[in-house]
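Now for the letters of each chain:
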Amino acid sequence: MLIPLLQNESLKLLRRRRFAIVLGIMFVILTLVSYSQYRQLKDQRNQNWRAELQERIARYENQLRRGRMNPSWARSMRAEVQRLQFYLDRGINPEQPTAPLVVRTFANAAGFLLLPLLVAVLGSDIVSAENAEGTDKLLLTRPVRRWKILTSKLLTLWLFASLTLLLGALISYAVTAPVLPAGGWDAPTFNGFQISGEAFKLDAVRQLPLWKDALIAYGLEWYALLAVASISLMLSVIFKSSAASIGTMLASLIGGTILTRISPDWTAGKYLFVSALPLPDYYTGQAPPYDGMSMTFCITLLGVWALGALAIAYGLFTKRDVFG
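On a predicted model such as this, the values are computed, not experimentally measured, just so you know.

## Here we look at the overall build of the protein chain
Assigned secondary structure in the protein chain consists of 13 helices and four strands. The proportion of buried residues among the 324 residues of the protein chain is 47%. The contacts of the protein chain with a sequence gap of at least 6 include a subset with a gap of at least 24, amounting to 78%. If you sum the accessible surface of the protein chain, you get close to 15500 Å²; carbon and sulfur atoms cover 63% of it.

## Quick look at the packing of helix 5 (residues 99-112) against helix 9 (residues 146-176)
At a minimum axis separation of 9 Å, helix 5 and helix 9 run at an interaxial angle of 150°. By the angle between their axes, helix 5 is roughly antiparallel relative to helix 9. Here the hand of the crossing between helix 5 and helix 9 comes out right-handed. Judged by residue contacts, Ala99, Pro100, Val102, Val103 and Phe106 of helix 5 engage Gly168, Ala169, Ser172, Tyr173 and Thr176 from helix 9. Grouping the constituent residues of the contact of helix 5 with helix 9 by class yields seven nonpolar, three polar and no charged.

## Thoughts on a nonpolar patch on the surface
Judged by side-chain polarity, Ile21, Ile25, Ile29 and Val33 come together as a nonpolar surface patch covering roughly 280 Å² of accessible area. Mapping isoleucine 25 onto the fold places it in helix 2 (residues 18-44).

## Some points on the pattern of salt bridges
A full pass over the atoms with the stated rule returns three salt bridges. Here lysine 153 makes a salt bridge to glutamate 9, at a shortest N to O gap of 2.9 Å. Taken together, the residues lysine 153 in helix 9 and glutamate 9 in helix 1 (residues 2-15) connect sequence positions 144 residues apart. Note on lysine 153: relative accessible area 0%, which makes it buried. A single salt-bridge network, built from bridges that share partners, covers Glu9, Lys12 and Lys153.

## Observations regarding empty space enclosed by the protein
Taken as a whole and assessed by the stated rule, the structure comprises two cavities of 30 Å³ or more. There is about 50 Å³ of room inside the second largest cavity. Sorting elements by how many residues they give to the lining of the second largest cavity places helix 11 (residues 242-262) first, with three residues. Of the residues belonging to the lining of the second largest cavity, the class tally is three nonpolar, three polar and one charged.

## Some thoughts on the nonpolar core
In this structure, Tyr218, Leu233, Met249, Phe273 and Leu302 are the most contacted members of the largest nonpolar core, which totals 63 residues. Top contributing element to this core by residue count: helix 10 (residues 210-238), with 14 residues. Residues within four places of leucine 233 in sequence aside, it is in contact with Gly123, Ile126, Val127, Leu150, Lys153, Leu154, Leu157 and Leu310.

## Describing the packing of helix 1 against helix 9
Where helix 1 meets helix 9, the closest approach of the two axes is 9 Å, and the angle between their N-to-C directions is 55°. Between helix 1 and helix 9, the crossing angle belongs to the class labelled oblique. In this structure, the crossing between helix 1 and helix 9 has a hand that is right-handed. Taken together, the residues of helix 9 that come into contact with helix 1 (itself represented by Leu2, Leu5, Leu6, Glu9, Ser10, Lys12, Leu13 and Leu14) are Lys148, Ile149, Thr151, Ser152, Lys153, Leu155, Thr156, Leu159 and Phe160.

## Let's talk about the side chain of glutamate 221
By the secondary structure assignment, glutamate 221 is in helix 10. Summary of buried charges: glutamate 221 has no salt-bridge partner, and the nearest side chain of opposite charge, arginine 104, is 9.0 Å away. Discounting residues that sit within four places of it in the chain, glutamate 221 has contacts with Ala107, Gly111, Leu115, Pro116, Leu165, Leu277 and Pro280.

## Structural notes on helix 5
Here helix 5 contains 14 residues, and its C-alpha end-to-end distance of 20 Å stays within 8% of the 20 Å for a straight helix at 1.5 Å per residue. At threonine 105, helix 5 shows its strongest bend, of approximately 35°. The buried count for helix 5 comes to ten of 14 residues, which makes it a mostly enclosed element. Among all positions of helix 5, only Ala99, Pro100, Val102, Val103, Arg104, Phe106, Ala107, Asn108, Ala110 and Gly111 are buried. For helix 5, the N-terminal capping position is held by threonine 98, with its side-chain oxygen 3.2 Å away from the main-chain nitrogen of leucine 101.

Conventions used here
- Residues numbered from 1 in each chain as written.
- Predicted model: local features only at pLDDT ≥ 70, side-chain atom pairs only at ≥ 80, totals over all residues.
- Heavy atoms only, no water.
- Helix = DSSP H or I, 4+ residues; strand = E, 2+ residues; numbered from the N terminus.
- Buried < 20%, exposed > 50% of the residue type's maximum accessible area, 1.4 Å probe, protein only.
- Contact = heavy atoms within 4.5 Å.
- Areas by Shrake-Rupley, 256 points an atom, 1.4 Å probe, with all protein chains shown as cover.
- Axes fitted to C-alpha atoms, helices over the stretch in contact; angles between N-to-C directions.
- Parallel < 35°, antiparallel > 145°, perpendicular 65-115°, else oblique.
- Left-handed = near helix turned anticlockwise from the far one by under 90°.
- Nonpolar A, V, L, I, M, F, W, Y, C, P; charged D, E, K, R; others polar.
- Patch = residues over 30% accessible without salt bridge, like charges linked within 9 Å, V, L, I, M, F, W, Y side chains within 5 Å.
- Salt bridge = Lys/Arg side-chain N within 4 Å of Asp/Glu carboxyl O.
- 1 Å grid on protein atoms, 1.4 Å probe; cavity = no way out; pocket = protein on both sides within 12 Å on 5 of 7 lines; lining within 4 Å.
- Points joined across faces, edges and corners; volume = space filled by probe spheres on them.
- Core = buried A, V, L, I, M, F, W, Y, C linked by side-chain atoms within 4.5 Å.
- Lys, Arg positive; Asp, Glu negative; His and termini not counted.
- Expected span 1.5 Å × (residues − 1).
- Bend = angle between axes of the 7 residues up to and from the residue.
- Polar contact = N/O pair within 3.5 Å; in protein donor to acceptor, adjacent residues only side chain to side chain.

Right, here's the structure in full:
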(Lines give C-alpha, C1' and ligand atoms only; values in the text may rest on other atoms or scores of the structure.)
Protein backbone atom coordinates (compact mmCIF):
# COMPACT_ATOMS: atom_id res chain seq x y z
CA MET A 1 0.00 0.00 0.00
CA LEU A 2 2.95 2.32 0.57
CA ILE A 3 4.10 2.24 -3.07
CA PRO A 4 0.99 4.02 -4.46
CA LEU A 5 1.17 6.51 -1.61
CA LEU A 6 4.84 7.17 -2.38
CA GLN A 7 4.04 7.71 -6.04
CA ASN A 8 1.23 10.10 -5.14
CA GLU A 9 3.39 12.12 -2.73
CA SER A 10 6.24 12.28 -5.24
CA LEU A 11 3.92 13.58 -7.94
CA LYS A 12 2.54 16.22 -5.59
CA LEU A 13 6.01 17.37 -4.65
CA LEU A 14 7.08 17.55 -8.29
CA ARG A 15 3.89 19.40 -9.21
CA ARG A 16 4.76 22.17 -6.77
CA ARG A 17 8.03 22.56 -8.73
CA ARG A 18 10.05 23.11 -5.57
CA PHE A 19 12.47 20.37 -6.55
CA ALA A 20 13.10 22.01 -9.93
CA ILE A 21 13.79 25.29 -8.15
CA VAL A 22 16.21 23.53 -5.78
CA LEU A 23 18.11 22.03 -8.72
CA GLY A 24 18.18 25.41 -10.47
CA ILE A 25 19.64 27.08 -7.39
CA MET A 26 22.36 24.45 -7.12
CA PHE A 27 23.19 24.71 -10.81
CA VAL A 28 23.61 28.50 -10.67
CA ILE A 29 25.73 28.39 -7.51
CA LEU A 30 27.95 25.57 -8.77
CA THR A 31 28.43 27.30 -12.12
CA LEU A 32 29.73 30.36 -10.30
CA VAL A 33 31.98 28.15 -8.15
CA SER A 34 33.30 26.46 -11.28
CA TYR A 35 34.16 29.79 -12.86
CA SER A 36 35.92 31.00 -9.70
CA GLN A 37 37.95 27.77 -9.53
CA TYR A 38 38.89 28.14 -13.19
CA ARG A 39 40.12 31.67 -12.55
CA GLN A 40 42.05 30.42 -9.54
CA LEU A 41 43.69 27.70 -11.64
CA LYS A 42 44.77 30.26 -14.25
CA ASP A 43 46.16 32.60 -11.57
CA GLN A 44 48.11 29.78 -9.88
CA ARG A 45 50.04 28.75 -12.98
CA ASN A 46 52.77 31.28 -12.35
CA GLN A 47 52.53 31.44 -8.57
CA ASN A 48 54.34 29.66 -5.76
CA TRP A 49 51.71 27.82 -3.73
CA ARG A 50 54.17 27.22 -0.86
CA ALA A 51 54.78 30.95 -0.47
CA GLU A 52 51.03 31.59 -0.51
CA LEU A 53 50.42 29.00 2.20
CA GLN A 54 53.22 30.47 4.35
CA GLU A 55 51.76 33.93 3.90
CA ARG A 56 48.30 32.76 4.89
CA ILE A 57 49.63 30.94 7.96
CA ALA A 58 51.50 34.06 9.04
CA ARG A 59 48.38 36.19 8.55
CA TYR A 60 46.27 33.84 10.67
CA GLU A 61 48.90 33.72 13.41
CA ASN A 62 49.02 37.52 13.54
CA GLN A 63 45.25 37.66 13.92
CA LEU A 64 45.41 35.11 16.74
CA ARG A 65 48.12 37.08 18.54
CA ARG A 66 45.97 40.20 18.52
CA GLY A 67 43.43 38.34 20.65
CA ARG A 68 40.41 40.27 19.36
CA MET A 69 38.52 37.26 18.15
CA ASN A 70 35.52 35.20 19.14
CA PRO A 71 36.81 32.06 20.97
CA SER A 72 34.96 29.80 18.54
CA TRP A 73 36.53 31.49 15.51
CA ALA A 74 39.92 31.45 17.24
CA ARG A 75 39.65 27.70 17.79
CA SER A 76 38.79 27.16 14.13
CA MET A 77 41.63 29.40 12.98
CA ARG A 78 44.18 27.57 15.13
CA ALA A 79 43.02 24.30 13.63
CA GLU A 80 43.33 25.75 10.12
CA VAL A 81 46.87 26.98 10.83
CA GLN A 82 47.94 23.52 11.97
CA ARG A 83 46.20 21.86 9.02
CA LEU A 84 47.93 24.12 6.49
CA GLN A 85 51.27 23.61 8.22
CA PHE A 86 50.73 19.85 8.01
CA TYR A 87 50.35 20.04 4.22
CA LEU A 88 53.22 22.51 3.88
CA ASP A 89 55.63 20.25 5.77
CA ARG A 90 54.77 17.37 3.43
CA GLY A 91 54.96 19.38 0.20
CA ILE A 92 51.28 18.86 -0.68
CA ASN A 93 49.14 21.57 -2.23
CA PRO A 94 45.72 21.06 -0.58
CA GLU A 95 43.93 23.51 -2.86
CA GLN A 96 44.99 22.47 -6.36
CA PRO A 97 41.70 22.91 -8.25
CA THR A 98 40.38 19.75 -9.89
CA ALA A 99 36.84 18.63 -10.73
CA PRO A 100 36.92 15.73 -8.20
CA LEU A 101 38.14 18.09 -5.47
CA VAL A 102 35.24 20.46 -6.18
CA VAL A 103 32.84 17.51 -5.86
CA ARG A 104 34.42 16.57 -2.54
CA THR A 105 34.39 20.15 -1.27
CA PHE A 106 30.72 20.52 -2.16
CA ALA A 107 29.80 18.15 0.69
CA ASN A 108 31.53 20.49 3.16
CA ALA A 109 30.65 23.88 1.73
CA ALA A 110 27.02 23.15 0.84
CA GLY A 111 26.44 20.94 3.87
CA PHE A 112 27.10 23.84 6.21
CA LEU A 113 23.87 25.68 5.31
CA LEU A 114 22.87 25.46 1.63
CA LEU A 115 21.75 21.81 1.47
CA PRO A 116 19.85 21.92 4.81
CA LEU A 117 18.05 25.05 3.60
CA LEU A 118 17.11 23.42 0.31
CA VAL A 119 15.82 20.29 2.05
CA ALA A 120 13.86 22.49 4.47
CA VAL A 121 12.23 24.23 1.50
CA LEU A 122 11.22 20.83 0.12
CA GLY A 123 9.87 19.41 3.37
CA SER A 124 8.48 22.17 5.53
CA ASP A 125 5.14 22.27 3.71
CA ILE A 126 4.74 18.63 2.72
CA VAL A 127 1.85 18.34 5.21
CA SER A 128 0.83 21.97 5.75
CA ALA A 129 0.40 22.43 1.98
CA GLU A 130 -2.59 20.06 2.19
CA ASN A 131 -4.34 22.62 4.37
CA ALA A 132 -3.45 25.46 1.99
CA GLU A 133 -4.78 23.47 -0.97
CA GLY A 134 -7.92 22.42 0.89
CA THR A 135 -7.16 18.71 0.60
CA ASP A 136 -6.39 18.07 4.28
CA LYS A 137 -9.87 16.78 5.18
CA LEU A 138 -9.89 14.47 2.16
CA LEU A 139 -6.44 13.22 3.16
CA LEU A 140 -7.39 12.50 6.78
CA THR A 141 -10.66 10.74 5.93
CA ARG A 142 -9.18 8.32 3.39
CA PRO A 143 -9.56 4.58 4.21
CA VAL A 144 -5.84 4.37 4.92
CA ARG A 145 -4.21 4.40 8.33
CA ARG A 146 -2.80 7.81 9.11
CA TRP A 147 0.60 6.47 10.09
CA LYS A 148 0.93 5.03 6.58
CA ILE A 149 0.07 8.41 5.04
CA LEU A 150 2.67 10.18 7.15
CA THR A 151 5.23 7.44 6.51
CA SER A 152 4.76 7.88 2.77
CA LYS A 153 5.40 11.61 3.17
CA LEU A 154 8.49 10.94 5.28
CA LEU A 155 9.94 8.42 2.82
CA THR A 156 9.20 10.76 -0.09
CA LEU A 157 10.99 13.58 1.70
CA TRP A 158 13.96 11.33 2.48
CA LEU A 159 14.03 10.25 -1.16
CA PHE A 160 14.12 13.81 -2.48
CA ALA A 161 16.68 14.84 0.13
CA SER A 162 18.89 11.99 -1.11
CA LEU A 163 18.31 13.00 -4.73
CA THR A 164 19.21 16.60 -3.90
CA LEU A 165 22.55 15.50 -2.47
CA LEU A 166 23.27 13.06 -5.30
CA LEU A 167 22.35 15.51 -8.06
CA GLY A 168 24.37 18.21 -6.33
CA ALA A 169 27.45 15.98 -6.60
CA LEU A 170 26.72 15.15 -10.24
CA ILE A 171 26.07 18.79 -11.17
CA SER A 172 29.26 19.91 -9.42
CA TYR A 173 31.30 17.47 -11.52
CA ALA A 174 29.42 18.20 -14.75
CA VAL A 175 29.97 21.98 -14.57
CA THR A 176 33.62 21.80 -13.45
CA ALA A 177 35.02 18.93 -15.54
CA PRO A 178 35.02 21.00 -18.79
CA VAL A 179 37.15 23.76 -17.25
CA LEU A 180 39.21 21.95 -14.57
CA PRO A 181 41.31 18.77 -14.66
CA ALA A 182 38.76 15.93 -14.66
CA GLY A 183 41.09 13.32 -13.13
CA GLY A 184 42.45 12.98 -9.61
CA TRP A 185 40.02 10.66 -7.85
CA ASP A 186 42.99 8.69 -6.48
CA ALA A 187 44.74 11.78 -5.10
CA PRO A 188 45.70 11.41 -1.41
CA THR A 189 43.65 13.25 1.20
CA PHE A 190 44.28 13.65 4.92
CA ASN A 191 41.50 13.82 7.50
CA GLY A 192 41.01 13.24 11.20
CA PHE A 193 42.70 16.40 12.49
CA GLN A 194 41.63 16.98 16.08
CA ILE A 195 41.87 19.96 18.40
CA SER A 196 41.42 19.70 22.15
CA GLY A 197 41.65 22.99 23.98
CA GLU A 198 44.88 24.55 22.70
CA ALA A 199 46.40 21.24 21.58
CA PHE A 200 46.28 20.05 17.99
CA LYS A 201 46.40 16.27 17.67
CA LEU A 202 47.67 14.34 14.66
CA ASP A 203 47.23 10.86 16.15
CA ALA A 204 44.00 10.16 14.26
CA VAL A 205 45.08 11.63 10.91
CA ARG A 206 44.47 9.13 8.14
CA GLN A 207 45.31 9.10 4.47
CA LEU A 208 42.61 8.06 1.99
CA PRO A 209 42.17 8.32 -1.77
CA LEU A 210 39.91 11.20 -2.72
CA TRP A 211 37.07 8.97 -3.94
CA LYS A 212 36.85 7.08 -0.66
CA ASP A 213 37.13 10.27 1.37
CA ALA A 214 34.30 11.80 -0.73
CA LEU A 215 32.06 8.77 -0.12
CA ILE A 216 32.51 9.11 3.64
CA ALA A 217 31.83 12.86 3.56
CA TYR A 218 28.70 12.41 1.43
CA GLY A 219 27.49 9.61 3.68
CA LEU A 220 27.75 11.89 6.71
CA GLU A 221 25.99 14.71 4.87
CA TRP A 222 23.23 12.32 3.79
CA TYR A 223 22.65 11.37 7.43
CA ALA A 224 22.49 15.05 8.42
CA LEU A 225 19.97 15.80 5.66
CA LEU A 226 17.73 12.95 6.79
CA ALA A 227 17.66 14.55 10.24
CA VAL A 228 16.79 17.95 8.72
CA ALA A 229 14.01 16.33 6.68
CA SER A 230 12.57 14.68 9.80
CA ILE A 231 12.50 17.97 11.69
CA SER A 232 10.95 19.71 8.68
CA LEU A 233 8.21 17.09 8.61
CA MET A 234 7.43 17.74 12.28
CA LEU A 235 7.07 21.49 11.69
CA SER A 236 4.86 20.82 8.68
CA VAL A 237 2.56 18.75 10.91
CA ILE A 238 2.54 21.33 13.72
CA PHE A 239 1.77 24.34 11.53
CA LYS A 240 -1.19 24.44 9.18
CA SER A 241 0.35 27.37 7.34
CA SER A 242 3.07 26.59 4.81
CA ALA A 243 4.63 30.02 5.37
CA ALA A 244 4.79 29.43 9.13
CA SER A 245 6.42 26.00 8.83
CA ILE A 246 8.96 27.08 6.21
CA GLY A 247 9.71 30.33 8.04
CA THR A 248 10.25 28.52 11.36
CA MET A 249 12.61 25.98 9.78
CA LEU A 250 14.62 28.60 7.90
CA ALA A 251 14.86 30.78 11.02
CA SER A 252 16.03 27.76 13.04
CA LEU A 253 18.75 26.91 10.53
CA ILE A 254 20.02 30.44 9.93
CA GLY A 255 19.55 31.73 13.48
CA GLY A 256 20.96 28.59 15.06
CA THR A 257 24.03 28.69 12.83
CA ILE A 258 24.70 32.33 13.74
CA LEU A 259 24.05 31.70 17.43
CA THR A 260 26.44 28.76 17.69
CA ARG A 261 29.19 30.79 16.02
CA ILE A 262 28.88 34.03 18.00
CA SER A 263 27.99 32.61 21.43
CA PRO A 264 30.63 29.98 22.26
CA ASP A 265 30.21 30.63 26.00
CA TRP A 266 26.60 29.44 25.85
CA THR A 267 27.47 25.77 26.17
CA ALA A 268 23.84 24.66 25.95
CA GLY A 269 24.10 25.54 22.26
CA LYS A 270 26.00 22.29 21.66
CA TYR A 271 22.68 20.46 22.06
CA LEU A 272 20.99 22.33 19.19
CA PHE A 273 20.66 20.17 16.10
CA VAL A 274 22.09 23.02 14.00
CA SER A 275 25.43 22.86 15.80
CA ALA A 276 25.90 19.23 14.69
CA LEU A 277 24.83 19.63 11.06
CA PRO A 278 28.27 20.24 9.43
CA LEU A 279 29.31 16.60 9.89
CA PRO A 280 31.64 16.62 6.84
CA ASP A 281 33.43 19.67 8.29
CA TYR A 282 33.99 17.96 11.61
CA TYR A 283 35.12 14.80 9.82
CA THR A 284 37.62 16.84 7.81
CA GLY A 285 39.07 18.34 10.96
CA GLN A 286 37.41 21.73 11.37
CA ALA A 287 36.99 22.59 15.03
CA PRO A 288 33.36 22.46 16.24
CA PRO A 289 31.91 25.57 17.92
CA TYR A 290 31.92 23.92 21.37
CA ASP A 291 34.36 21.65 23.19
CA GLY A 292 33.31 18.04 23.59
CA MET A 293 31.50 17.81 20.25
CA SER A 294 33.06 14.62 18.95
CA MET A 295 31.83 12.93 15.79
CA THR A 296 30.00 10.33 17.88
CA PHE A 297 28.32 13.08 19.91
CA CYS A 298 27.15 14.92 16.77
CA ILE A 299 25.80 11.78 15.07
CA THR A 300 23.96 10.78 18.27
CA LEU A 301 22.58 14.30 18.73
CA LEU A 302 21.14 14.42 15.21
CA GLY A 303 19.64 10.96 15.69
CA VAL A 304 17.94 11.99 18.94
CA TRP A 305 16.55 15.16 17.36
CA ALA A 306 15.25 13.21 14.35
CA LEU A 307 13.60 10.51 16.47
CA GLY A 308 12.06 13.11 18.78
CA ALA A 309 10.72 15.10 15.83
CA LEU A 310 9.21 11.98 14.25
CA ALA A 311 7.60 10.93 17.54
CA ILE A 312 5.92 14.35 17.83
CA ALA A 313 4.89 14.34 14.16
CA TYR A 314 3.29 10.89 14.32
CA GLY A 315 1.64 11.63 17.67
CA LEU A 316 -0.01 14.81 16.38
CA PHE A 317 -0.89 13.57 12.90
CA THR A 318 -2.57 10.33 14.00
CA LYS A 319 -4.73 12.17 16.57
CA ARG A 320 -5.56 15.29 14.56
CA ASP A 321 -9.20 16.29 14.47
CA VAL A 322 -10.49 16.10 10.90
CA PHE A 323 -12.56 19.25 11.36
CA GLY A 324 -10.07 21.03 13.62
